[in-house]
Amino acid sequence: FLIPYFQRSYQWTNVEVRKMLNDWLVSFARRSNFDFMGSVICWENDTMSILDGQQRITSLTLFWACVYWVLYANKVKQEKYRYKYRHNKNICLHLK
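Throughout what follows, the structure given in this document is the object of discussion. (Residues numbered from 1 in each chain as written. Predicted model: local features only at pLDDT ≥ 70, side-chain atom pairs only at ≥ 80, totals over all residues. Heavy atoms only, no water.)

### A few points about the overall build of the protein chain
Summing up its helical and strand segments, the protein chain has 2 helices and 2 strands in all. Along the protein chain, from the amino end to the carboxyl end, the secondary structure elements read α-β-β-α. Across the 96 residues that make up the protein chain, the buried fraction comes to 12%. Put simply, of all contacts in the protein chain between residues at least 6 apart along the chain, 54% involve residues at least 24 apart. (Helix = DSSP H or I, 4+ residues; strand = E, 2+ residues; numbered from the N terminus. Buried < 20%, exposed > 50% of the residue type's maximum accessible area, 1.4 Å probe, protein only. Contact = heavy atoms within 4.5 Å.)

### A word on the side chain of Gln55
With respect to the helices and strands, Gln55 occurs in helix 2 (residues 54-95). Of the polar contacts made by the side chain of Gln55, one reaches the backbone oxygen of Ser9; its length is 3.2 Å. There is a polar contact of 2.9 Å between the side chain of Gln55 and the backbone nitrogen of Gln11. Ignoring sequence-local partners within four residues, the contact set of Gln55 consists of Arg8, Ser9, Tyr10, Gln11 and Trp12. (Polar contact = N/O pair within 3.5 Å; in protein donor to acceptor, adjacent residues only side chain to side chain.)

### Structural notes on a nonpolar patch on the surface
Nonpolar side chains collect at one region of the surface, where Tyr68, Trp69 and Tyr72 lie side by side and expose about 380 Å² of accessible area between them. With respect to the helices and strands, Tyr68 occurs in helix 2. Looking at Tyr68, the relative accessible area reads 47%, which means it is partly exposed. (Patch = residues over 30% accessible without salt bridge, like charges linked within 9 Å, V, L, I, M, F, W, Y side chains within 5 Å. Areas by Shrake-Rupley, 256 points an atom, 1.4 Å probe, with all protein chains shown as cover. Salt bridge = Lys/Arg side-chain N within 4 Å of Asp/Glu carboxyl O.)

### So, the pairing of strand 2 (residues 48-52)
Examined bridge by bridge, strand 1 (residues 41-44) and strand 2 share 4 bridges and lie antiparallel to one another. Residue pairing across strands places Glu44 opposite Met48, the latter belonging to strand 2. The antiparallel hairpin formed by strand 1 and strand 2 contains 3 residues in its connecting segment. (Pairing = 2+ DSSP bridges.)

### Regarding the pattern of salt bridges
This model, assessed by the stated rule, comprises 1 salt bridge. With its nearest N and O atoms 3.3 Å apart, the salt bridge here joins Asp23 to Lys19. Of this pair, Asp23 and Lys19 both sit in helix 1 (residues 14-29), 4 residues apart, which is roughly one turn of the helix. Judged by its relative accessible area of 53%, Lys19 falls in the exposed class.

### Quick look at the side chain of Arg56
Looking at where Arg56 falls in the secondary structure, it is placed in helix 2. With sequence-adjacent residues up to four places away left out, Arg56 is seen in contact with Trp12, Met37, Gly38, Ser39 and Val40.

### With respect to the packing of aromatic side chains
Per the counting criterion, the structure on display carries 5 aromatic pairs. Measuring from ring centre to ring centre gives 5.4 Å for Trp24 and Phe63, while their planes differ by 75 degrees; the resulting arrangement is edge-to-face. Of this pair, Trp24 sits in helix 1 while Phe63 sits in helix 2, and the two are 39 residues apart along the sequence. A relative accessible area of 25% means that Phe63 is categorised as partly exposed. Taking the centre distance of 5.7 Å and the plane angle of 40 degrees together, the rings of Trp24 and Trp64 count as tilted. (Phe/Tyr/Trp six-rings, centres within 6.5 Å; stacked < 30°, edge-to-face > 60°.)

Put into structure tokens, the structure is as follows:
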């Protein structure tokens, strides 16, 4: 996807992002199968351009990128800890 240069720059603040995330949480709490996030208008030429909805798409992309990195960072941290624990445990067993 491409956001054309003539579109406004990213302008959402914490207020808009929190509202969007709160709407998700409410929908999730209700166990709703459907949550309308608003429309997205695209135009396909050589690439797919987002003409409307770019603030939401950008916010969602940033949100999911953060979720990914937090989960990935925790997984890496856990793997390092597991390795150190196994390694140190083996050394301790050999010293006994």
